[in-house]
Amino acid sequence: MTPRELTASLNPSQRDAATTVEGPLLVLAGAGTGKTRVITTRMALLINRGTAADRILSVTFTNKAAKEMAERIRELIGRRKVKPLISTFHSLCVKILRDEIEVLGYRKNFTIIDRGDQESLAREVLRSIRVQESTLKPGDLLAILSRWKTNGVQPESAGDHALDDREFLASMAYRKYCDRLRARNSVDFDDLLLLTDQLFAKHPDALKRQQDKFDYVQIDEYQDTNQLQFRLIQALVRSHNNLCVVGDDDQSIYAWRGAEVKHILSFQSHFPTAKIVRLEDNYRCTDEILNVANRLVSFNRERHHKVLRSTKKAVEPVRYEKFSDEVTEAERIGLEISYMIAKKNRQPSDFAILFRTNEQPRAFESELRRRQIPYVILGSQSFFDRKEIRDLMAYMRIISQPRDESALLRIINTPARSIGTTTIEKIMKRSIIEGSPFFEATRNAIASGELSERAGQSVLRFEEQLKTWRAMFATTNQSLGQSLRKLIESLKYKSEVERSYKEPAQVQTRLESIEQLADSVDDYTRRVANPRLQSFLDEIALNDRDEFGTDKKKELDQNAVKLLTIHSAKGLEFPRVYLVGMEEGLLPHKRSVEGTRQDIEEERRLAYVGVTRAQESLTLTFAETRRKWGKPRKTVPSRFLFEMRSDKQNEEAVEAE
DNA sequence: GTGTGTTCGCTTTTT
DNA sequence: GCGAACACAC
């Protein structure tokens, strides 16, 4: 396509944004104003002008968004094979660190620790400095460390940043936590950004190498960047300032994770020559839906003032529905969906059910299953949270990276192989004192008589087994999937599952998920040019996985009701949306209600994101009672419901009561 | 060291 | 109302 053809269907502001390719550019793009089109067109124009595709770096918020964007670019520039670098911040950092991390004292094949293992590591560290769990819980420690890390606070200076006793304890744990991670040659999620930041600060040559890779940089969902991400970008574009950022301050919903709206609000002070383009024509929602959204978000004080204009007339009003409890809420919505599919020629994929917390979908799930309506729960981590899956993942991690102690400790006695807690504790103690790897410490402990010959031998036998598996995964004459299946067989893991669970149904689902894991390894092998165990593990850790499992499941995904949290719905749109559980304590969430005005404002933005996902039809629902910890509790309708409705609608609602 | 029964505690949101 | 962590018996 010619440049003229590429921009023909854009409106004037969109065209302005897409064609401004040199220098800093801020695109303030409201919900549904076509920002993805602007970014992809912009990339296509650059490529058309002769810029090599891989010299444009595009950072997106999720891997899913990255894949979609790559697809759109390919459509725009035709058949030509292009490989633009589209990636999330975290995936980008993994790429950089896999090349450069050695100068920071790690080995290249570092593993990324998962959330569960992170918690056990935190627990272990707290124990080692004798902190009671009642004083500081592992989860709380991790939250504090994460906040420090995303602000670039080093262990050495953490003590100065401690605001109270708990944080002071956390500052002591910080050092230990980092040391242990390093000894395991593991990094956690925040480290990916933090280490890259350190790398750039301490090793100008490494920074130079990365800077030289890109002539143009674009960031999507810029309102959700945190301090480290901002620094990373600043460093990368320093020589040319060809930086285009796109975002919407009204959709900033990740402050709890360190995102700072100030980056988008003060873009011009960092880049004084920056041009600003506003996109305010909404092509997604009907005018009714947009009115609701605009009214709601106008209650926020901290924002750029803007009002989105709609381009679509409503056919249906926005509906507000009250149900007696959460089961009825699910039943009635299930009924309506099945009616619309059967009688109104609707597809399951037209519908999305959005909610605030991950416990909410349960009721909907069983309702939809009962009615045999295809559905999929998106963004749910649950598959990789299952015990079997985490065990097998740990096996693969310890096979890939012998120093990954978190993985080792998880599976060393699963299935049981006569290695008890006392044995492990003795070895660990020695390993920490000597600073030696686990199995070396084992041999030393046997030699010194600290460990009985019998106990020691079971550990060393396991080491031998690990070596065999490692060799098996390293051979090129069988696929990763085959190796994994052989591993499962040699562990007798399936009979272990059959033995462990009484309920045949439980055994069945667990065996199935093991099959699914093996299938997903096969999928990965097929998809990727150069499949390696380590990069499979990276994909899983970074949430960069395609829908795993069989082709059957994929078909289902394409035409199914989508169930997802509002957070994971960001950037998506659906013809018919149900925004459920509009209750005080849920949306706004209890924690925010107890918090500051800013916390409530973020919840309001979250509601705004939910509302603006809907293209044609929006239904807001709440239940008068909702079960919590098994007991039904009375609820109060969300304040946002009142804010969304016009004064007249609110009066009518009161009269109807 | 392994297998069991019981209590406790917990529920934001996720790259 | 479920799963993990603990206590206790073999």
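Chain A carries the name DNA 3'-5' helicase in an unreviewed UniProt entry, which gives Rubinisphaera italica as its organism. Looking at the Sequence similarities (unreviewed entry) heading of the UniProt record, one finds this comment for chain A: "Belongs to the helicase family. UvrD subfamily."

Enquirer: Can you tell me about the protein's contact with DNA strand B, naming the residues and giving the values?
Expert: Around DNA strand B there are 28 residues in total, and Arg 356, Asn 358, Thr 423, Asn 543 and Arg 591 lie nearest to it. Counted by atom, the contact set of DNA strand B within 4 Å of the protein is 52% sugar and phosphate. At 3.4 Å from a base oxygen of DNA strand B is found a side-chain nitrogen or oxygen belonging to Trp 256. Residue Thr 565 places a side-chain N or O atom 2.9 Å away from a phosphate oxygen belonging to DNA strand B. Of all the secondary-structure elements, those providing two or more residues to the surface near DNA strand B are α21 (421–434) and α29 (566–569). A per-class count over the surface near DNA strand B returns 6 nonpolar, 15 polar and 7 charged.

Enquirer: So what about the sheet that holds strand β1 (residues 25–29)? Which residues, and what values?
Expert: Taken in spatial order, the 6 strands line up as β3-β2-β6-β7-β1-β8 in an open sheet, and their pairing is parallel. With partners counted over all chains shown, the strands left at the sheet margins are β3 (85–88) and β8 (275–279), one partner each. Between one strand and the next, the sheet's axes are offset by a mean angle of 15 degrees, whatever the strand orientation. Bridge count for strand β2 (residues 56–60) against β3 is 4 bridges, and the pairing is parallel. Residue pairing in the sheet places Ser 58 in a bridge with Ile 86 of β3. Running at roughly 165 degrees to β3, helix α4 (residues 63–76) makes contact with β2 and β3 of the sheet.

Enquirer: Residue-level account of the packing of aromatic side chains, with values.
Expert: Applying the stated criterion across every chain yields a total of 9 aromatic pairs. Relative to Trp 469, the ring of Tyr 395 lies with its centre 5.7 Å away and its plane at 85 degrees, an arrangement referred to as edge-to-face. A residue pair is termed long-range when its members are at least 10 positions apart, and Tyr 395 in helix α19 (residues 387–400) and Trp 469 in helix α23 (residues 453–474) qualify at 74 residues. For the ring pair Phe 462 and Trp 469, a centre distance of 6.2 Å and an interplane angle of 70 degrees mean the geometry is edge-to-face. Overall, Trp 469 belongs to the buried group, its relative accessible area being 5%. Through pairs of rings, three or more aromatic residues link up here, namely Phe 61, Tyr 254 and Trp 256. In this structure, Lys 628 is placed above the aromatic ring of Trp 629, and the distance from its NZ or CZ to the ring centre is 5.2 Å. One Lys or Arg, Arg 645, reaches over the ring of Tyr 320 and ends 4.9 Å from the middle of that ring.

Enquirer: Talk me through the domain arrangement of chain A; I want residue IDs and the actual numbers.
Expert: Domain parsing of chain A yields domain 1 (3–97 + 202–279), domain 2 (111–184), domain 3 (289–374 + 559–655) and domain 4 (384–544). A C-alpha centroid distance of 40 Å is found between domain 1 and domain 4. Listed as interface residues are 5 residues of domain 1 and, on the opposing side, 4 residues of domain 4. Taken together, the two surfaces of domain 1 and domain 4 that pack against each other cover about 370 Å², and 53% of this comes from carbon and sulfur. Of all residues in domain 1, Asn 63, Lys 67 and Val 94 give up the largest surface area on contact with domain 4, accounting jointly for 78% of the area buried on that side. Counting the contacts that link domain 1 with domain 4 gives 0 salt bridges. Along the contact surface separating domain 1 from domain 4 lie 1 residue pair in polar contact (both at pLDDT 80 or more). Residue assignment for the side of domain 1 that touches domain 4 shows that the elements contributing at least two residues are α4 and α5 (89–100). Looking at which element gives the most residues to the side of domain 1 that touches domain 4, the answer is α5, with 3 residues. For the side of domain 1 that touches domain 4, the residue count by class is 1 nonpolar, 3 polar and 1 charged.

Enquirer: Residue-level account of the pairing of strand β6 (residues 216–219), with values.
Expert: The side-chain alternation of β6 yields two buried faces, one formed by Tyr 216 and Gln 218 and the other by Val 217 and Ile 219. Note that β2 and β6 share 4 bridges and pair parallel. Bridging across to β6, Ile 56 finds its partner in Tyr 216. Inspection of the sheet shows β6 paired to strand β7 (residues 243–247) by 3 bridges, in the parallel sense. Within the sheet, the bridge partner assigned to Ile 219 lies in β7 and is Val 245. The parallel pair β6 and β7 is bridged by helix α12 (residues 227–237), and the resulting crossover is right-handed.

Calculation criteria
Starting afresh in each chain, residues are numbered from 1 along the sequence in its written order. Each chain gets a letter, beginning with A, and each ligand a number, beginning with 1, in the order they are written. A pLDDT threshold of at least 70 governs which residues receive local features in this predicted model, and a stricter bar of 80 or more applies before side-chain atom pairs are shown or counted, although totals over entire chains, interfaces and linings include all residues. Side-chain numbers come from the whole structure's heavy atoms, not from hydrogens or water. UniProt positions are given in the numbering used here, feature names are shortened, and annotations may be inferred rather than shown by experiment. Residues are classed as near a molecule or strand on a simple rule: at least one heavy atom within 4 Å of it. We define a polar contact as two N or O atoms separated by no more than 3.5 Å, with the added condition that, inside protein, one atom must be a possible hydrogen donor and the other a possible acceptor, whereas residues neighbouring each other in sequence contribute only through side-chain atom pairs. Starting at the N terminus, helices and strands are each numbered in turn, a helix being any DSSP run of H or I of at least four residues and a strand any DSSP run of E of at least two. Each residue receives one of three labels: charged for Asp, Glu, Lys and Arg, nonpolar for Ala, Val, Leu, Ile, Met, Phe, Trp, Tyr, Cys and Pro, and polar for the others, Gly being one of them. At least two DSSP bridges between two strands are needed for those strands to be called paired. Fitted lines through C-alpha atoms serve as axes, helices being fitted only where they are in contact, and the angles separating the N-to-C directions of these axes extend from 0 to 180 degrees. Note on contacts: a residue pair is in contact if any heavy atoms of the two residues lie within 4.5 Å. Only the six-membered ring of Trp is used, alongside the rings of Phe and Tyr, when aromatic pairs are assigned; centres must lie within 6.5 Å, and planes under 30 degrees apart are stacked while those over 60 apart are edge-to-face, with the rest tilted. Each residue's exposure class comes from its accessible area (1.4 Å probe, protein chains only) as a fraction of the maximum for that residue type: buried when under 20%, exposed when over 50%, partly exposed otherwise. Only Lys NZ and Arg CZ are tested; either one counts as a charge over a ring when it is within 6 Å of the ring centre and within 35 degrees of the ring normal. Delimitation of the domains relies on an automatic or database domain assignment. Buried area is understood as the total, over both parts, of accessible area removed when two parts are fitted together, assessed with a 1.4 Å probe. We define a salt bridge as a contact between a side-chain nitrogen of Lys or Arg and a carboxyl oxygen of Asp or Glu at a distance within 4 Å. Here a crossover is taken to be right-handed if, once the strands point away from the viewer, the path from the first strand over the helix to the second is traced clockwise.

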